[in-house]
Amino acid sequence: MDARQRPRRVAPPAVGQAGAPRVLQAGDALPLPIRHTNLIFSALFAASLAYLMRRWREKIRSSTPLHVVDLTEILSVFGLVASLIYLLSFFGIAFVQSIVSSSDEDEDFLVGPPAAPGPAPCGHLGGAEGVVPEKMPEEDEEIVASVVAGKVPSYVLETRLGDCRRAAGLRREAVRRITGRQIEGLPLDGFDYASILGQCCELPVGYVQLPVGIAGPLLLDGQRFYVPMATTEGCLVASTNRGCKAIAESGGATSVVLRDAMTRAPVARFPTARRAAELKAFLEDPANFDTLSVVFNRSSRFGRLQGVQCAMAGRNLYMRFSCSTGDAMGMNMISKGVQNVLDYLQDDFPDMDVISISGNFCSDKKPAAVNWIEGRGKSVVCEAVIKEEIVKKVLKTNVQSLVELNVIKNLAGSAVAGALGGFNAHASNIVTAIFIATGQDPAQNVESSQCITMLEAVNDGKDLHISVTMPSIEVGTVGGGTQLASQSACLDLLGVKGANRESPGSNARLLATVVAGGVLAGELSLLSALAAGQLVKSHMKYNRSSRDMSKAASLSS
């Protein structure tokens, strides 16, 4: 975190001493000195305007020129202008900040023509300010030798050379010489290294090739989606494709987004637990929400505070902020908003010692009950009714076997294992494959894969109702890896590329429903394979090195 964004840390005054912090009361919108100043200037503005209006009316009635003024009128004009300038600067700053905000995610929402194609410059990642860099050798051989000898840091190559592809190649050669290992199988050419500079990957030496398969069509909410999946696991795409076929031939699936809110939870320490409880009460008081929203929302045009939930551990207070983030996944967006609130609170709680902008009560990239219960990102439920004849013809099993298997395996078996949000067959398989293909953060598959799969016999036991409930799907269609060429193409295939101008956030929500729909198809197919005893047989037959893969198509038929 940048030093300019780090919250101030003020030593807490002793309890009972003069200068001890004032406790905020419910309904307080601003610190007391600021409120008094606002009242003074507001009164000055009103009084000056009233006096001048009265004087001008008298002059008009007496035919006195308006430009003939006395000392009192001059002072009134001065007071009017001064108070107007103050009030505009104070109350207009949040509005101006919301317009000129430089949020990384916000910039992806700007309406305008795309930038002209061409390599991005490599010179914006400069070194420490005030440090004059040592002269860079001109020849490649000399540069590599300098990197190997430690004279030139590897991380400055892009900045100093201004050529990202050349920098990656020289770094790769330096690594080869230092380690003595050949990395010939790692491709170097054919990748736009400028596109990852400063946002996706540092110190690149190549890129990893990953095959992308297409499952579908997935008939979801009346639309047909062809779902890209990047994976190295054989049978995964074919199996998901079979599930998509069963869903489509049964009339399709439907989905609903229950909640859309990213979270960030800073942790602060207080001198006493009582002081921590006082701030907890203030943050959770509905009367203070509007004030907190104004402070939070000024950091972004699209981040909007939805709520604050607090938890305590001794004198440590964990504050879980939830906010909508438009079409961005939103971690940067919410972090900036939270920092604004912490800076604001510091004025009235100077004894608040902010330990970290993230206190793990968020909770990001870790299995956590709070995400399973409260949700994080997009909370989605997806369901379908699979007809009896489709279960027999496409899935090669029967409804009763599937229902019994789900209870014993996904519900009871996961409970025996002490699973946390893992009441499913293999949700993370589909989530991770779609995440990689569409430029999401793969590490967030931890909470995004939390899922409970439910199967029931319906229509007098003839048909199968299947649903997946996923409370923490964390996706975005702008920012991060979504702007890379391959990932952008996969998002475009789904029709969710970039930001939705008419309805901000709808593209990201649609992507979340596609993820849930893909999981629904994957669960349906794998459970069917298990119920029919086909899993080991199919993997031994089709998931082994073989040049003849024509028979693998039977999984999707």
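Residues numbered from 1 in each chain as written. Predicted model: local features only at pLDDT ≥ 70, side-chain atom pairs only at ≥ 80, totals over all residues. Heavy atoms only, no water.

Going by the annotation in an unreviewed UniProt entry, the name recorded for the protein chain is 3-hydroxy-3-methylglutaryl coenzyme A reductase, with Hordeum vulgare subsp. vulgare given as the source organism. UniProt lists a comment for the protein chain under the heading Pathway (unreviewed entry), and it reads "Metabolic intermediate biosynthesis; (R)-mevalonate biosynthesis; (R)-mevalonate from acetyl-CoA: step 3/3." Under the UniProt heading Function (unreviewed entry), the note attached to the protein chain is "Catalyzes the synthesis of mevalonate. The specific precursor of all isoprenoid compounds present in plants." (UniProt positions renumbered as here; feature names shortened; annotations may be inferred.)

Q: Could you clarify how one ought to interpret the overall build of the protein chain in this entry?
A: Of the regular secondary structure elements, the protein chain holds 18 helices and 11 strands. Across the 557 residues of the protein chain, 44% fall into the buried class. In the protein chain, once contacts between residues fewer than 6 apart in sequence are set aside, the share between residues at least 24 apart is 73%. On the protein chain, roughly 27600 Å² of surface is accessible, and the fraction owed to carbon and sulfur atoms is 57%. (Helix = DSSP H or I, 4+ residues; strand = E, 2+ residues; numbered from the N terminus. Buried < 20%, exposed > 50% of the residue type's maximum accessible area, 1.4 Å probe, protein only. Contact = heavy atoms within 4.5 Å. Areas by Shrake-Rupley, 256 points an atom, 1.4 Å probe, with all protein chains shown as cover.)

Q: Help me understand the pairing of strand E11 (residues 463-473), please; the structure alone is not making it clear to me.
A: Residues in a regular strand point their side chains to alternate faces of the sheet. Judged by how many residues are buried, E11 sits mostly within the fold: 10 of 11 residues are covered. Judged from the eight bridges that link them, strand E8 (residues 377-386) and E11 form a sheet pairing that is antiparallel. When the sheet's bridge partners are listed, Cys382 is paired in E11 with Val468. Inspection of the sheet shows strand E10 (residues 451-458) paired to E11 by seven bridges, in the antiparallel sense. Across the sheet, Leu455 pairs through a bridge with Ile466, a residue of E11. In this structure, the hairpin formed by E10 and E11 is closed by a connection of four residues, where Asn459 is found at a positive phi of approximately 55 degrees. (Pairing = 2+ DSSP bridges.)

Q: Help me understand the nonpolar core in this model?
A: Considering soluble globular proteins, one finds that nonpolar side chains tend to be buried as a cluster. Among the nonpolar cores identified, the biggest contains 52 residues, and Met229, Ile247, Ile386 and Leu464 are the most heavily contacted of them. Among the elements that line this core, the one with the most residues is helix H17 (residues 506-531), at 11 residues. Other than its neighbours up to four places away in sequence, Leu464 contacts Ala384, Val385, Ile386, Val391, Val399, Leu402, Val403, Leu455, Glu456, Val458 and Leu524. The next biggest cluster of nonpolar side chains, apart from the first, holds 28 residues, and it includes Phe282, Leu292, Val295 and Val354. (Core = buried A, V, L, I, M, F, W, Y, C linked by side-chain atoms within 4.5 Å.)

Q: Is there a simple way to explain unusual backbone geometry in this structure?
A: Residues other than glycine predominantly adopt negative phi, and peptide bonds predominantly adopt the trans conformation. Cis geometry is found at the peptide bond from Gly216 to Pro217, where omega equals 5 degrees. Note on placement: Pro217 falls in strand E1 (residues 212-220). Of the consecutive residues Cys362 and Ser363, the connecting peptide bond is found in the cis state with omega at 0 degrees. Mapped onto the fold, Ser363 is located in the loop between strand E7 (353-356) and helix H11 (369-374). Despite not being glycine, Leu203 shows a phi value in the positive range, around 50 degrees. Considering the arrangement of structural elements, one finds Leu203 in the loop between helix H6 (164-179) and E1.

Q: Teacher, can you tell me more about the packing of aromatic side chains here?
A: To describe a pair of aromatic rings, one takes the distance between the centres and the angle between the planes. Applying the stated criterion across every chain, the model contains five aromatic pairs. Ring centres of Phe270 and Phe349 lie 6.2 Å apart, and the angle between their planes is 85 degrees; on these two criteria the pair is classed as edge-to-face. Separated by 79 residues along the polypeptide, Phe270 in the loop between strand E4 (267-269) and helix H8 (273-284) and Phe349 in the loop between helix H10 (331-348) and E7 bring together distant segments of the chain. For the pair formed by Phe270 and Phe349, the shared burial category is buried. Aromatic side chains Phe296 and Phe321 sit 6.5 Å apart centroid to centroid with 15 degrees between the ring planes, which places their arrangement in the stacked category. A residue pair is termed long-range when its members are at least 10 positions apart, and Phe296 in helix H9 (residues 289-297) and Phe321 in strand E6 (residues 316-324) qualify at 25 residues. For the pair Phe296 and Phe321, one class covers both residues: buried. One aromatic cluster in this structure is built from Phe191, Tyr193 and Tyr207. (Phe/Tyr/Trp six-rings, centres within 6.5 Å; stacked < 30°, edge-to-face > 60°.)

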